[in-house]
Amino acid sequence: MVKTIQRVAIIGSGTIGASWAALFLARGLHVTATDIAPDAEAKLRQYIDQAWPALKRIGMVDGADQNKLRFTADLADAVSGADLVQENGPERLDFKIALYEQLDSLLPADTLIVSSSSGLTMSAIQTGCKLHPERCVIGHPFNPPHLIPLVEIVGGKLTSEATIERVTAFYDGLGKRTVRLHKEMPGHVANRLAAALFREIVYLVSEGVLSVADADTAVCWGPGLRWGVMGPSLLYHLGGGEGGIEHFFDQFSGPMQAWWKVLGNPVITPEIRKQMIDGVKAEADGRSLDELAGQRDEALLSLLAARANE
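We now turn to the structure provided with this report. Here the residue index of a chain counts from 1 through its sequence in written order. Side-chain atom pairs in this predicted model are given and counted only at pLDDT of 80 or more, local residue features only at pLDDT of at least 70, and totals for whole chains, interfaces and linings cover all residues. As a rule here, side-chain values cover all heavy atoms of the structure and leave hydrogens and water aside.

Some remarks on the pairing of strand β5 (residues 112-115)
- Neither face of β5 is open: one carries L112 and V114, the other I113 and S115, and all of them are buried.
- The pairing criterion for strands is at least two bridges between them, as found by DSSP. Secondary structure elements are defined from DSSP: runs of H or I of at least 4 residues count as helices, runs of E of at least 2 residues count as strands, and each element is numbered from the N terminus. Both strand β4 (residues 84-87) and β5 contribute to a ladder of four bridges, which runs parallel. Bridging from a neighbouring strand, E87 pairs with S115 of β5.
- The crossover handedness rule: strands pointing away from the viewer, path from first strand over the helix to second strand clockwise, crossover right-handed. With helix α4 (residues 93-106) bridging β4 and the parallel β5, this β-α-β connection has right-handed handedness.
- With three bridges joining them, β5 and strand β6 (residues 136-141) adopt parallel strand pairing. Pairing of S115 across the sheet is with I138, part of β6. The rule is simple: take the accessible area with a 1.4 Å probe, protein chains only, and divide by the maximum for that residue type; under 20% is buried, over 50% is exposed, in between is partly exposed.

Examining a nonpolar patch on the surface
- Within this analysis, patches are made of residues with over 30% relative accessible area and no salt bridge. Like charges are joined at 9 Å or less; nonpolar side chains (Val, Leu, Ile, Met, Phe, Trp, Tyr) at 5 Å or less. All accessibility values rest on the Shrake-Rupley procedure with a 1.4 Å probe; residue burial counts only the protein chains present in the view. We define a salt bridge as a contact between a side-chain nitrogen of Lys or Arg and a carboxyl oxygen of Asp or Glu at a distance within 4 Å. Together, V229, M230, L234 and L238 make up a nonpolar patch on the protein surface, roughly 350 Å² of accessible area in all.
- As for its position among the elements, L238 is in helix α10 (residues 232-239).
- For L238, a relative accessible area of 55% translates into the label exposed.

What about the environment of K183?
- Relative to the assigned elements, K183 resides in the loop between β8 (177-181) and α7 (190-206).
- Residue class for K183 comes out exposed when judged on its relative accessible area of 61%.
- Put simply, K183 and K157 are 26 residues apart on the chain and 9.6 Å apart in space, counted from C-alpha to C-alpha.

Brief notes about the pattern of salt bridges
- On inspection of all chains with the given rule, the structure shows 12 salt bridges.
- Measuring nitrogen to oxygen at the nearest pair gives 3.0 Å for the salt bridge that ties E298 to R57. Taken together, the residues E298 in helix α13 (residues 289-306) and R57 in helix α2 (residues 40-58) connect sequence positions 241 residues apart.
- Using a relative accessible area of 39% as the deciding quantity, one classes E298 as partly exposed.
- Among the salt bridges present, the one from R135 reaches D104, with a minimum N-O distance of 3.0 Å. Of the two residues, R135 is situated in the loop between α5 (122-125) and β6 and D104 in helix α4; the sequence distance between them amounts to 31 residues. Like R135, the residue D104 is buried in the burial classification.
- It is possible to trace a salt-bridge network through shared partners that takes in E87, E91 and K96.

So, the layout of surface pockets
- Here a cavity denotes grid points, spaced 1 Å and computed from the protein atoms alone, that fit a 1.4 Å probe unable to get out, and a pocket denotes an open set having protein on both sides within 12 Å along at least 5 of 7 lines; residues with an atom within 4 Å of a point are the lining. Grid points are joined across faces, edges and corners, and a volume is the space filled by probe spheres set on the points. Its boundaries defined by the atoms lining it, the second largest pocket holds a volume of some 600 Å³.
- Taken together, 23 residues make up the lining of the second largest pocket; nearest its centre are Y47, Q50, D290, A293 and D297.
- Among the secondary structure elements, those contributing two or more residues to the lining of the second largest pocket are α1 (15-26), α2 and α13.
- It is α2 that provides the largest number of residues to the lining of the second largest pocket, a total of eight residues.
- Across the lining of the second largest pocket, the residue classes tally to nine nonpolar, eight polar and six charged. In the scheme used here, Gly and all other residues not listed as nonpolar or charged are polar, with Ala, Val, Leu, Ile, Met, Phe, Trp, Tyr, Cys and Pro taken as nonpolar and Asp, Glu, Lys and Arg as charged.

Some remarks on the side chain of R27
- Inspection of the secondary structure puts R27 in the loop between α1 and β2 (30-34).
- Of the side chains with opposite charge, D62 comes closest to the buried, unpaired R27, at an N-O distance of 11 Å.
- Here, two residues are considered to be in contact whenever any of their heavy atoms come within 4.5 Å of each other. The residues contacting R27, other than those within four sequence positions of it, are I58, G59, M60, V61 and L174. In this charge count, Lys and Arg are treated as positive and Asp and Glu as negative; neither His nor the chain ends contribute.

Here we look at the packing of α10 against helix α11 (residues 244-261)
- Taken N-terminus to C-terminus, the directions of α10 and α11 make an angle of 100 degrees; their axes are 7 Å apart at the nearest point. Classified by the interaxial angle, the pair formed by α10 and α11 is roughly perpendicular. When α10 is examined against α11, the residues S233, Y236, H237 and G239 are found in contact with a partner set consisting of G244, I245, F248, F252 and M256. Comment: axis = line fitted to C-alpha atoms, over the contacting stretch for helices; angle = value between 0 and 180 degrees taken between N-to-C directions. Note on terminology: angles under 35 degrees are roughly parallel, angles over 145 are roughly antiparallel, angles of 65 to 115 are roughly perpendicular, and the others are oblique.

This is the structure:
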């Protein structure tokens, strides 16, 4: 019999871990969080307090309760009794290998160990697990996890199909939108797509084509609006008119491939770095990070509400 996931342990309660914790609590789960930072618990509870109104707007289950959160600085205590561990530690392979060796010895074989890693591969991470590497998998969210539905699921060489199925069912049950990667890639998929776009932005800005602010405007008030509704491939199907994607390829394969050949491959020199930083700060125009995050989250909530029935 497959264990029902009711108790989740959060390792690392920074921005990603805190956001996961808020979501899990809103879905009625019992959450134990651990972090070695001296002010970690206070920051975690503050983050959840701030996220709670947004989660109420999205919709909570009857058992949603912030009192189901427990914090401890002791790793063994934190994972004791957990059905799933959501690991959000530093993006250092040596750290994760050592951590997974500890977790492997502390946890029963049917407890899932899931990493939020944004770029490391599970095949490398799970080398620390000598007993049960098959229960280890990547469950990479997009920031902030309590609002953005996407979760990328990537197994390692030793991850079992049963683990993939269990973690997929778990996230789907939380209302997430999961994608399965059938091959490990550095950076997974969503971050690679974002990095490809940002590479071209850096190139265009460094070449003097446009400002940082205008590059952001070109994305968020142009294709970015469409991407919030449909993915690029389906949008190009619409772009093909009555002939759909077949006509799109007939008409635009040549021009698009010509653009591909001249896409930039910039190197972030100190000069380009400064140019981008100055441009971002000018675009922020004195708004704090909290103010910008609030603006982002309010727009995300409206978009999520519009897409709620899909």
